[in-house]
Amino acid sequence: MLLCLSGAYYALYFLATLLLLVYKSQVFTYPHSYLVLDLTLLFLMGILEAIRLYFGATGNLMEAEVPLAASLVLTMGGALLSAYFLLWQTLVLRADTALGAPLLVLHSLEAILEVVAIAAFLS
């Protein structure tokens, strides 16, 4: 259930962050190289999120440790990218904070539940 919620929220997050990047590039002085970096990281985050959700759902349904462990590693990568967009991107607006904080909370909850599921599958 949490994976479905995370997937739905990430779709909203991706579109909103993409629109915010377009807004920032039009309204503020946004260096072109940093805009390219932020867009590249956003699309990389989208690819990692899709793979992470696939491995998480597969590992959960098959009760297999390896896909869940891969999903856990990708969750950590997604959390780092979420922290980048929450704290370290070139221009951070309040809307970025309002969108990024719940995503980081979802990643944290999923990481905890993945560790619990891996431990349950191993025993």
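Parameters at a glance
Residues numbered from 1 in each chain as written. Predicted model: local features only at pLDDT ≥ 70, side-chain atom pairs only at ≥ 80, totals over all residues. Heavy atoms only, no water. Salt bridge = Lys/Arg side-chain N within 4 Å of Asp/Glu carboxyl O. Helix = DSSP H or I, 4+ residues; strand = E, 2+ residues; numbered from the N terminus. Buried < 20%, exposed > 50% of the residue type's maximum accessible area, 1.4 Å probe, protein only. Polar contact = N/O pair within 3.5 Å; in protein donor to acceptor, adjacent residues only side chain to side chain. Contact = heavy atoms within 4.5 Å.

**Q** Give a detailed account of the pattern of salt bridges, specifying residues and quantitative values.
**A** On inspection of all chains with the given rule, the structure shows three salt bridges. Arg52 is the partner of Glu110 in a salt bridge, and the nearest nitrogen-oxygen pair spans 2.3 Å. With Glu110 in helix α4 (residues 94-122) and Arg52 in helix α2 (residues 32-62), this residue pair connects regions lying 58 residues apart in the sequence. Just as Glu110 is buried, Arg52 falls in that class too.

**Q** Pulling in residues and values, what's your account of the environment of Leu109?
**A** Tracing the sequence through the fold places Leu109 in helix α4. For the pair Leu109 and Leu41, spaced 68 residues apart in sequence, the C-alpha to C-alpha distance is 23 Å.

**Q** Tell me about the side chain of Gln89, and please be specific about residues and values.
**A** With respect to the element layout, Gln89 can be found in the loop between α3 (65-88) and α4. Since its relative accessible area comes to 4%, Gln89 is described here as buried. A distance of 3.1 Å separates the side chain of Gln89 from the backbone oxygen of Phe85, its partner in a polar contact. With near-sequence residues (within four places) excluded, Gln89 lies in contact with Leu21, Lys24, Tyr30, Asp38, Tyr84 and Asp96.

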